[in-house]
Amino acid sequence: ETLGTEMEVAGVPLQAATVDNWSQIQNFEAKPDDLLICTYPKSGTTWIQEIVDMIEQDGDEVRCQRSIIQHRHPFIEWARPPQPSGVDRANAMPSPRTLRTHLSTALLPTSFWENHCKFLYVARNAKDCMVSYYHFQRMNQVLPEPGTWEEYFETFVNGKVAWGSWFDHVTGWWDVRDRHQVLFLFYEDIKRNPKQEIRKVMQFMGKDLGEAVLDKIVRETSFEKMKENPMTNRSTVPKSLMDQSISSFMRKGTVGDWKNHFTVAQNERFEKIYREKMQGSSIRFCAEL
Ligand code: A3P
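Here the structure is a predicted model, which means the values were calculated and not measured.

With respect to the side chain of Glu77
With respect to the helices and strands, the residue Glu77 is situated in the loop between helix H5 (69–72) and helix H6 (86–91). With no salt bridge to any partner, buried Glu77 finds its closest opposite charge in Arg100, at an N-O distance of 8.1 Å. Setting aside chain neighbours within four positions, we find Glu77 in contact with Thr18, Ile25, Arg100, Thr101, His102, Leu103 and Trp163.

Written out as structure tokens, the structure reads:
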């Protein structure tokens, strides 16, 4: 039961098993044709994974549904003995590989930079991300209890959540986007115009699938479809890890749910903190559609 205990690496809280496995993770050998899906938690990781998977499978949803989504794109910092670690899974995989991480630029194994890999980053506005993470920590039995919403608000803005500060994460990845091969997408844009954003992903992956296939991918990766799909909705995860009677993994999938959680006073306080922490960054989010 060391799983729930969080430890820190360079001030970033990470799960104890990840910290135990840190040298293997840091020494991970990326390859030049690796594609790395990068997200802060609760920013649409599963969604972009399914989009990438559908593109990889040329829009064949049956091929996509052969395995549950967590296993298709190894999560490089994942470590939960006795299962193979994310690094072990990645090492056993044929190239070209699609891998996944929640690590910030500061913690990413350096071989990804050295090998000039492709990075697909999805960012989600901080307020909705915080709401989503709060509900996730309520149902996730291996992360710490989130406490009350008021308490969680403080925990989140102080970056005391697994994988650290949202602010550091998005600004860090935003800053490297011109120096590396980064396709930087926003959750809100995918929501507003899925076909346009999925086309960008397809082009970034060097594929050309045609309009009909793109339309199909849009349909198959909708929230409604993914909520019903046992390969994406985490219904295969045991209740001892995720208790979906508390909150579904596919919870709402909307932009602006923060308005149902933030009080006016919290919103004002958040805006002030946001201005301070994001000062100097040119990144712009939209938090409503
Ligand atoms: P909510 O909790 O706001 O509903 P991650 O995969 O990074 O853990 O992110 C989970 C969040 O993405 C959840 O947000 C989930 O509902 C949302 N999500 C998953 N699939 C989605 C889809 N197809 N369309 C929109 N949102 C989706």
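A word on the packing of aromatic side chains
Taken as a whole, this structure holds 31 aromatic pairs when the rule is applied. Both rings, one in Tyr121 and one in Trp173, keep their centres 5.7 Å apart while their planes meet at 25°; by these two values the pair is stacked. You can see Tyr121 sitting in strand S5 (residues 118–123) and its partner Trp173 sitting in helix H10 (residues 166–176), a full 52 residues away along the chain. By relative accessible area, Tyr121 is classed as buried at 0%.

Examining the sheet that holds strand S4 (residues 98–101)
As summarised here, the arrangement of the four strands in space is S4-S3-S5-S6, forming an open sheet in which the pairing is parallel. Of all strands in the sheet, those with a lone pairing partner are S4 and strand S6 (181–186), marking the two edges. The sheet shows a mean angle of 20° between the axes of neighbouring strands, taken without regard to direction. Bridge count between strand S3 (residues 35–39) and S5: five bridges; the pairing is parallel. For Leu35, the partnering residue across the bridge sits in S5 and is Lys118.

Describing unusual backbone geometry
With an omega dihedral of 10°, the bond running from Pro81 to Pro82 counts as a cis peptide bond. Mapped onto the elements, Pro82 comes out in the loop between H5 and H6. That bond from Ser95 to Pro96 is cis: its omega, -5°, falls within 30 degrees of zero. Mapped onto the elements, Pro96 comes out in the loop between H6 and S4. For Lys42, which is not glycine, the phi dihedral falls at a positive 65°. Residue placement: Lys42 occurs in the loop between S3 and helix H3 (45–56). Using a relative accessible area of 14% as the deciding quantity, one classes Lys42 as buried.

Overview of the site of the ligand
Close to the ligand lie 19 residues, the nearest being Thr45, Thr46, Ser132, Tyr187 and Lys252. Contacts to the ligand include Thr221, whose backbone N or O atom sits 2.9 Å from a nitrogen atom. Here an oxygen atom of the ligand sits 2.7 Å away from a polar atom, N or O, in the main chain of Gly253. Compared with its free state, where it exposes 570 Å², the ligand has 97% of that area covered by protein. No other element matches H3, which puts three residues into the shell around the ligand.

Regarding the UniProt feature "domain: Sulfotransferase" (unreviewed entry) in the protein chain
On the UniProt side, "domain: Sulfotransferase" (unreviewed entry) is annotated at positions that read residues 32–281 here. Between the end C-alpha atoms of residues 32–281 the distance is 29 Å, and the span holds 45% helix and 8% strand.

So, H10
By the criterion of burial, H10 is predominantly enclosed, with nine of the 11 residues buried. Along H10, the residues that are buried comprise Trp166, Phe167, His169, Val170, Thr171, Gly172, Trp173, Trp174 and Val176. Regarding H10, its N-cap is Ser165, as a side-chain oxygen of that residue lies 3.1 Å from the backbone nitrogen of Phe167 further along.

Comments concerning the pairing of S4
Burial along S4 is two-sided: the residues Thr98 and Arg100 and Leu99 and Thr101 are all buried. Inspection of the sheet shows S3 paired to S4 by four bridges, in the parallel sense. Residue pairing for S4: Leu35 is matched across the bridge by Thr98.

As for the pattern of salt bridges
If the charged atoms of two oppositely charged side chains come close together, the side chains can form a pair. According to the stated counting rule, one finds 20 salt bridges in the structure shown. The partner of Lys225 in a salt bridge is Glu220, with the nearest N and O atoms 3.6 Å apart. The class for Glu220 is buried, based on a relative accessible area of 15%. Taking the shortest distance from any N to any O, the salt bridge between Asp257 and Lys252 comes out at 2.7 Å.

Some thoughts on the side chain of Gln49
Along the chain, Gln49 falls in helix H3. What makes Gln49 buried here is its relative accessible area of 0%. For Gln49, the side chain forms a polar contact with the side chain of His73, separated by 3.3 Å. Look past the residues within four positions of Gln49 in its chain and what remains in contact with it is Ile37, Ile69, His73 and Arg100.

Reading the values: the criteria
- Residues numbered from 1 in each chain as written.
- Predicted model: local features only at pLDDT ≥ 70, side-chain atom pairs only at ≥ 80, totals over all residues.
- Heavy atoms only, no water.
- Helix = DSSP H or I, 4+ residues; strand = E, 2+ residues; numbered from the N terminus.
- Buried < 20%, exposed > 50% of the residue type's maximum accessible area, 1.4 Å probe, protein only.
- Lys, Arg positive; Asp, Glu negative; His and termini not counted.
- Salt bridge = Lys/Arg side-chain N within 4 Å of Asp/Glu carboxyl O.
- Contact = heavy atoms within 4.5 Å.
- Phe/Tyr/Trp six-rings, centres within 6.5 Å; stacked < 30°, edge-to-face > 60°.
- Pairing = 2+ DSSP bridges.
- Axes fitted to C-alpha atoms, helices over the stretch in contact; angles between N-to-C directions.
- Near = heavy atom within 4 Å.
- Polar contact = N/O pair within 3.5 Å; in protein donor to acceptor, adjacent residues only side chain to side chain.
- Areas by Shrake-Rupley, 256 points an atom, 1.4 Å probe, with all protein chains shown as cover.
- UniProt positions renumbered as here; feature names shortened; annotations may be inferred.

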